[in-house]
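If you want the building blocks of each chain, they are given just below.
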Amino acid sequence: MSTTLLLNDQAHTPHPGESILQMAQRVGVSIPHLCAKEGLRPDGNCRACVVEIDGERTLAASCCRAAEPGLVVRSASPRALASQRMVLELLLADRPAQGHAWVAGQAEQPHGELSQWSDALGVRVRPALASLVHAGPAADLSHPAMAVNLDACIQCTRCVRACREEQVNDVIAVTGRGAHTRISFDLGVDMGESTCVACGECVQACPTGALSLKSLSGDLRVDREVHSVCPYCGVGCQMTYQIKDERIVAVQGRDGPANQSRLCVKGRFGFDYVHHAGRLTTPLVRKTGVPKQASDAQRQGDWREVFREATWEEALDLAAGGLKRLRDQHGLKALAGFGSAKGSNEEAYLFQKLVRTGFGSNNVDHCTRLCHASSVAALLEGVGSGAVSNPALDVTQAELILVIGSNPTSNHPVAATWMKNAAQRGAKIVLADPRRTDIARHAWRTLQFRPDTDVAMVNALLHTIIEEGLVDQAFVRERTTHFEELKATVAAYSPERMAPICGIPAETLREVARAFATAKSAMVLWGMGVSQHVHGTDNARCLIALVAITGQIGKPGSGLHPLRGQNNVQGASDAGLIPMMFPNYQRVSTPEAHAWFEQFWGQPLDATPGYTVTEILKKALAPASDPHKVWGMYVEGENPAMSDPDLNHARAALAALEHLVVQDIFMTETAWLADVILPASAWPEKTGTVTNTDRTVQMGRRALSAPGQARQDLWIIQQIAQRMGLNWHYPGPESGVAAVYEEMRQAMHGVIAGVSWQRLERDSAVTYPCLSEDDPGHPIVFIDHFPTPDGKLRLVPADIIPAAEKPDDEYPFVLITGRQLEHWHTGSMSRRTEVLDAIEPQPTASLNGADLQRLGVQPGQALTVASRRGQITLTARRDDGTPPGAVFIPFAYTEAAANLLTHAALDPFGKIPEFKYCAVKVLAAQAAPVPASWAGRAQAV
């Protein structure tokens, strides 16, 4: 029996599951196609891809027909070509003469791929058919980012499949019958009024420009394209910047390991912040006699009232000179540095090296302290590694997916698409969260537990698994320790006893526990709803125990995955941007690690852990007599005046510093409190690597030059170091980024030894651990051992620890803070992006409808939320997924900063603040705040 297929008289061996069209594309045979697109389910409705198969009466759609051995296929026979040309001509005849938004290379194609294929086959519309063209529906320009021109639509349904089957947003559908059939949004409303989440997948899929980007209207030609990585969340989507006249005008998804060409609204439309008129373009120095006050963090307007322009030489001398003077005057603990998870690995590595070798202490930290420090503490303690066990895409191989303390459709939207795809294929999603979020639509079970009862709920699952004999005894015996201690602790946590505490029926808890334990593969993904509590480390310990006693780790579709919030949280932590760890999580207090780095860097190093983010700010307010008082700080790309808890305290601490150096791209709330401001480079303006939540090291490439006198962050860090007395000289372009990377690779030799700079330039992405050049990398780890001293996972039991502040009669509501889909972190980037700010322009507080009714507040009206630390006024939003007695507030809005309310109580292990729980009161207000004056003022792209 033949194992080959004859295509145009050439023999080829089909791959399993391959269509004739896919095989033809693989071997370089061109077949026209319009409804088919890589990544989408084949539909076969356009009939442009028909081929002739020997022995068959009718032509076959090559996108749907399997490439079976023994077939004799002709894609360019007279009969096939005649049919292909007829389809293309009929489609062209029903289109208006002028197209909308598509360019093939540098040659404009009026109707995109339809025009491209017509040109390739020499198709022209005959006059008799041209007369049949009729006026189509009017353009729909209601969306801030996308235009709808259905007169160019050929009803290929690519957009429907992209929306409903790929992104699973269920917004676009085909409505009507016969000649009235059309593409619709939410059964007939304008796109801007629909539930569209602006992922742009439909635009990327459209072959004719019926759906198009507004930023590419008019002259469609672009000058060049640059491959990079998304600068927002930790998913690490690969993307391509499209550049015209030295401006980014569009972004396309690229086939990267985490996204496979998918993007979300931030990745696709959150790019024009780099062109914002408010970019810092020259060094600034605080004017003599202008004092610093905590209230300055809320300033807006002209910085010239507070700062003056300076040359780079003067600014660097003042910045480094002030830091050096305080170090020499007050000792090695007098200085601290906040690095950034929004920059590159190389910047993070060099920044922590500067603090350790130049400042003389380990007082260096970054936003991981505010995100996943408790998760990392539990993971290091339990499994010996702070990284994920499996990539997020592994949910597609899971039978059960537990999502806890995370709102992935808002915070990690592309990762959420893989979860929704898994549910479509039959996987069971269990959503465990105090809020019923969008992923609940796809969930098998939703555990809407009471805030602050995470340990009670997960311990009830552990109790059930042990009591009902569902433990993987072989795994526990061979690969874990301290099981008996865990068993003794959870014995008191029966579902029946925990149900009144966590608010989940006992039988539901038992049902979920059984399903998790008996699934062939089960995966746990969590977010900051788990970690940002005083019991965050305990929450993570319980989740580690859950996968361990069921053997759900070390295999495909199973394991532990804390979803990282910013684009380089994983990489910044790996590179040592934390106070108790050198690069690769080697403790500063371990003699062997300490001695190795002293020799490697050629400098004496402090052997005691440094202060964390919150401890540094506390020490900034210490009296002058305190020998460990922090007198000066260097903040690179962080915004603690918005991101830290109890902002009044944090801002007072920043204002109290004798010398504050801020390196950033905008006048952030923190920059207003600085003594020296150094204008830095945005992500599209630099070359470097980042490491996503999957442990994948990826290459970002410079697409633009920084504006004005702004400089590369790596260059600025090196200039400060040299003025602090360090003899640093990293040769090469981009401020020696490749040389810095190679030094970092030596410091992390046990993890990325096989990931050379040249390999990243070639491959763009490599997943660690990767120990040699021919090592492909290991997306799944802990397959046969854990990186602990004995190779086993340590089970650590946890008991209930209550929140630091409980609701009472005066403050009866629980405040939950977080992110929303359109905005990110403190808003310094996303709120300076036109599309994102147009979709979500003002701060909102989400409450259950019953609570709003009880307060006498209608959605859209103003309300005030107050805690014992501060108060803010926002616009009310009804969200019945928020439980009664709770209020959810995004923390991206400077005019209503949620962290003015939050509590600074810390997890004792991870030293992470309790952002997800504090007591507040909610009152009707007269008027909502005016949006920040710089929001929505990006220059037109």
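Residues numbered from 1 in each chain as written. Predicted model: local features only at pLDDT ≥ 70, side-chain atom pairs only at ≥ 80, totals over all residues. Heavy atoms only, no water.

Trainee: Explain the pattern of salt bridges to me, please; I cannot follow it from the model alone.
Mentor: A side chain with one charge may pair with a side chain of the opposite charge, provided their charged atoms come close. Considering all chains together, one arrives at 54 salt bridges under this definition. A salt bridge links Arg 869 to Glu 805; the shortest N-O distance between them is 2.9 Å. Residue Arg 869 is found in the loop between β36 (862–866) and β37 (871–878), and its partner Glu 805 is found in the loop between β33 (793–794) and β34 (813–818); the two are separated by 64 residues along the sequence. Between Arg 877 and Glu 840 there is a salt bridge, and its shortest N-O distance comes to 3.0 Å. (Salt bridge = Lys/Arg side-chain N within 4 Å of Asp/Glu carboxyl O. Helix = DSSP H or I, 4+ residues; strand = E, 2+ residues; numbered from the N terminus.)

Trainee: What is the right way to read helix α16 (residues 483–490) from this model?
Mentor: Count 3.6 residues to each turn of an α-helix, and residues three or four apart come out pointing the same way. The complete set of buried residues in α16 reads Phe 483, Leu 486, Thr 489 and Val 490. Down the axis, α16 shows its buried residues gathered within 125 degrees of arc, on one side only. Turned more than 90 degrees away from the buried face of α16, the exposed residues are Glu 484 and Ala 488. Of the surrounding secondary structure, the elements contacted by the buried residues of α16 are α14 (454–467), α15 (473–479), β22 (480–481) and α20 (536–549). (Buried < 20%, exposed > 50% of the residue type's maximum accessible area, 1.4 Å probe, protein only. Arc of directions from axis to C-beta. Contact = heavy atoms within 4.5 Å.)

Trainee: Explain the sheet that holds strand β27 (residues 632–636) to me, please; I cannot follow it from the model alone.
Mentor: Sheet strands associate in pairs through backbone hydrogen bonding, adopting either a parallel or an antiparallel arrangement. Reading across from one edge, β16-β15-β29-β28-β27-β17-β18 is the order of the seven strands in this open sheet, with mixed pairing throughout. Strands with a single pairing partner mark the edges of an open sheet, and in this sheet they are β16 (307–309) and β18 (364–365). Relative to the sheet, helix α9 (residues 345–359) contacts β17 (335–338), β18 and β27, its axis offset from that of β17 by approximately 175 degrees. (Pairing = 2+ DSSP bridges. Axes fitted to C-alpha atoms, helices over the stretch in contact; angles between N-to-C directions.)

Trainee: Explain the packing of helix α8 (residues 312–330) against helix α26 (residues 713–723) to me, please; I cannot follow it from the model alone.
Mentor: When two helices pack together, their arrangement is given by the angle between the helix axes and by the axis-to-axis distance. At a minimum axis separation of 9 Å, α8 and α26 run at an interaxial angle of 55 degrees. The angle between α8 and α26 places the two elements in the oblique class. Note on packing geometry: the crossing formed by α8 with α26 is right-handed. Where α8 abuts α26, its residues Trp 312, Glu 313, Leu 316, Asp 317, Ala 319, Ala 320 and Lys 324 lie against Trp 715, Ile 716, Gln 719, Ile 720 and Arg 723. The class makeup of the residues in the contact of α8 with α26 is seven nonpolar, one polar and four charged. (Parallel < 35°, antiparallel > 145°, perpendicular 65-115°, else oblique. Left-handed = near helix turned anticlockwise from the far one by under 90°. Nonpolar A, V, L, I, M, F, W, Y, C, P; charged D, E, K, R; others polar.)

Trainee: I would appreciate a short explanation of the confidence of the model for the chain in the present structure.
Mentor: Low pLDDT means the predicted atomic positions in that stretch should not be read closely. Counting all residues, the mean pLDDT for the chain is 93, and 97% of those residues have values of 70 or more. Residue range residues 936–941 is modelled with pLDDT below 50. Its contacts to residues more than four positions away, or to other chains, number 19 contacts. (pLDDT = per-residue confidence, 0-100.)

Trainee: What is the right way to look at the sheet that holds strand β30 (residues 688–691) in this model?
Mentor: Strand order in this open sheet of three strands is β30-β31-β32, and the pairing throughout is antiparallel. Both edges of this open sheet fall to β30 and β32 (765–767), since each of them pairs with a single strand only. Each neighbouring strand pair of the sheet contributes to a mean axis angle of 25 degrees, computed without reference to strand direction. Pairing analysis gives three bridges linking strand β31 (residues 696–700) to β32, with the strands arranged antiparallel. In the sheet register, Thr 696 faces β32, and the bridge partner there is Thr 767. Across the sheet, α9 touches β30 and β31, and the angle it forms with β30 is around 90 degrees.

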